[in-house]
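# Observations on the model geometry
This is what each chain is made of:
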Amino acid sequence: MSWETALAIYAVVLVALLTFGVAIGSVMGIVGTLGVTLLSGTRLWPTIGDIVWNTANSFTLVAVPLFVLMGEIILRSGVSGRFYAALAQLLYGVRGGLAHANVAGCAMFAAISGSSTATALTIGTVALPEMRKRGYDDGLTLGTLAGGGCLGILIPPSIPMVIYAAVVQASVIDLFMAGVLPGIALTLLFIAFVAVRVASKPSLVPATAPRPSRRQIARGLLDTLPIVALITCILGGMYAGVVTPTEAAAFGCAIALIIAAFYGGLSWRNVREALRNAVVTNAVVMFVIVNAQILSYALTTSGVGRGVSQILASLGLGPFPFFCGMVVLYLILGMFIDGISMMLLTIPLLYPTVLANGFDPILFGVILVVLIELGQLTPPMGLNLFAIQSISGGVGLGRIAWASAPFAVLIVALCFVLYFVPGLALWLPAYMKA
Amino acid sequence: MIPDGPTGEPAVAPVGRFDRVTRGFADLAGVLLALVVVLVNVEVVLRYGFGSSTLLSDEYSGYFFVWMSLLGFGYALENGQFLRVEALVERLHGPSRDAAELCGAVAGAIVAAVTTYACALTFLASWKYGTHSIQPSSTPLWIPQSVMPVAFAWLVVLYARAAAVRARALLVRRSGR
């Protein structure tokens, strides 16, 4: 069977099963198994067992449930509410301070929790009533919460980056480092957008809040410390070469437990729930990863991966048109498929061409994560939009999507900035190595 | 009417033995995750505090990770957590929804069945040839690999049950007409 026929069969089965709501992992597994079977009957089936073992037995991927557990412990510790309140107080003199606090709070908190939706929910639950009470425009509030929640997966520690690194055999530490400056840049872009919006239409926000007392400011600074200390310990430990990313994640869990105990949020029930949620999140991710590797094996053995790469190469697209096509592809996929599945579905087909077009694997990883962020804001499957809708008290999804649209545009803009200025991502890892 | 789970997966209310086994697996996975946290932190403390090593932290963290990942599949499935594209399915109601969910459950069962078979072969090969890890612990690999056929076989059972529930719902609707 030619690779073109194989690709056509895979594509039809994949799209049909995905459309009818079959679990994405199962779809990948079915297509992978079908591919292997069409190629050589059941002779290669035993290899699937080896694929499962070699994929799951990964010390790098152990970081995934550990980072999720760390975030779960912190989310249950009550630190999020204090952190947000502290930011709000520290930004008292800034017009639209709470909107800025949404962006900054979500960015920092999502970085730790590893879950954009959990962060949007946690910060949103605290922020939404407060901002409505103070008279903030609802569109601004909802947009900053949905958009801000996306920032976390770019700022390390980032679970999609760990998975990308494990799949393409890249350095987790380099990827984490490469995500720092783009993450900060996107946060600043969001904040600048909010500032411009507020300046052009002051009625969106109330007058600045009254100046807090010195004691309140000191307390606010103290309440931001745990989050800052946790991120510093994790990143510092990794970049100083003291611990591996997986060890940093386990160390982060230990620190999170101490922080939770300090704030009185450490109970047997909380720990048990955090463990349970971490196990489920990890299982969901691993179900996709394991099956994606089976699909990847089928794509490789049937020659589809090589064939697609050759076709793309023969089109003679320059790097920029190829990059534009990639952005459009991920924009469309992100509307329907979650980020990690989207990444695992496309990497086996696109990665060789990406390298052939001269992209640095680390830069591509960062751009991919930025595009995953975009997918969280694009309906009909924008997970952050759903999260914010669930706490908005009946606001329509369309309105939330519209409020988040400027942030989605800024995310696309960052992708192009990264293409034209790759140093934004690559400078820091190179500098740290030097 | 059979309710749908948070992500539209069949929200088969876990009851009796199925529920106990699935929850038991998830609890065991949670314990293993906690063990990984302890093991990795002990390794770091030993390395920098005592200039020593457990010599098995990386290896056993990997094994525990295999167990916790695979044992969590059933619980994730039962709670409708597996990711899927819901744009069309959410718009379906009645028999068409049941048919789509039945299709998903059958597809899941097929994949899980093939994977169970393949994993059983991997496990048996390690058992038969006495394969050991190349790490200092020289652990017989059939021990950590034993979870693979068990976890996927359990997934087959759960998918088959979900398929049976959907098929029954379809039949009930048809006979109701």
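Okay, so let's go over this structure. (Residues numbered from 1 in each chain as written. Chains lettered and ligands numbered in written order. Predicted model: local features only at pLDDT ≥ 70, side-chain atom pairs only at ≥ 80, totals over all residues. Heavy atoms only, no water.)

Residue and element names in this part refer to chain A. Where burial is concerned, most of helix 9 (residues 159-168) is hidden: 9 out of the 10 residues are buried. Along helix 9, the positions that sit buried rather than exposed are Ile 159, Pro 160, Met 161, Val 162, Ile 163, Tyr 164, Ala 165, Ala 166 and Val 168. Residues of helix 9 that are buried in the fold lie against helix 4 (63-76), helix 10 (172-200), helix 13 (268-301), helix 16 (339-356) and helix 17 (361-375). A positive backbone phi angle near 60 degrees is found at Gln 169, which sits one or two residues after helix 9. (Buried < 20%, exposed > 50% of the residue type's maximum accessible area, 1.4 Å probe, protein only. Helix = DSSP H or I, 4+ residues; strand = E, 2+ residues; numbered from the N terminus. Contact = heavy atoms within 4.5 Å.)

Attention now moves to the packing of helix 18 (residues 383-391) of chain A against helix 19 (residues 397-420) of chain A. All names here are of chain A. In contact at an axis separation of 10 Å, helix 18 and helix 19 are set at 120 degrees when each is read in the N-to-C sense. As far as their axial angle goes, helix 19 and helix 18 are oblique. Crossing angle aside, the handedness with which helix 18 passes helix 19 is right-handed. Taking contact as the criterion, the partners of Leu 385, Phe 386, Ile 388 and Gln 389 in helix 18 are, on helix 19, Leu 397, Ile 400, Ala 401 and Ser 404. (Axes fitted to C-alpha atoms, helices over the stretch in contact; angles between N-to-C directions. Parallel < 35°, antiparallel > 145°, perpendicular 65-115°, else oblique. Left-handed = near helix turned anticlockwise from the far one by under 90°.)

Further remarks concern a nonpolar patch on the surface. Side chains of Phe 320, Val 417, Phe 420 and Val 421 of chain A sit close together on the surface and give an oily, nonpolar patch of about 350 Å² of accessible area. Inspection of the secondary structure assignment puts Phe 320 of chain A in helix 15 (residues 319-336). (Patch = residues over 30% accessible without salt bridge, like charges linked within 9 Å, V, L, I, M, F, W, Y side chains within 5 Å. Areas by Shrake-Rupley, 256 points an atom, 1.4 Å probe, with all protein chains shown as cover. Salt bridge = Lys/Arg side-chain N within 4 Å of Asp/Glu carboxyl O.)

Attention shifts here to the pattern of salt bridges. On inspection of all chains with the given rule, the structure shows 15 salt bridges over all chains. Here Arg 47 of chain B and Glu 247 of chain A are joined by a salt bridge, their closest N and O atoms 2.2 Å apart. Of this pair, Arg 47 of chain B sits in helix 1 (residues 16-49) while Glu 247 of chain A sits in helix 12 (residues 245-262), on two different chains. Classification of Glu 247 of chain A by relative accessible area gives buried; the value is 3%. Residue Glu 101 of chain B is joined to Arg 84 of chain B by a salt bridge in which the shortest nitrogen-to-oxygen separation is 3.0 Å. One end of the pair, Glu 101 of chain B, is in helix 3 (residues 94-129); the other, Arg 84 of chain B, is in the loop between helix 2 (57-78) and helix 3, with 17 residues separating them in the sequence. Through salt bridges that share partners, Glu 72, Arg 76, Arg 269 and Glu 273 of chain A make up one connected network.

Moving on, we come to the interface of chain B and chain A. The interface is formed by 60 residues belonging to chain B together with 55 residues belonging to chain A. Interface area for chain B against chain A, summed over the two sides, is near 4,700 Å², with a carbon-plus-sulfur share of 76%. Contact with chain A buries area across many residues of chain B, yet Phe 65, Leu 83 and Val 85 of chain B alone supply 15% of it, more than any other trio. Summed over the shared surface of chain B and chain A, the result is 3 salt bridges. (Buried area = accessible area lost by both parts, 1.4 Å probe.)

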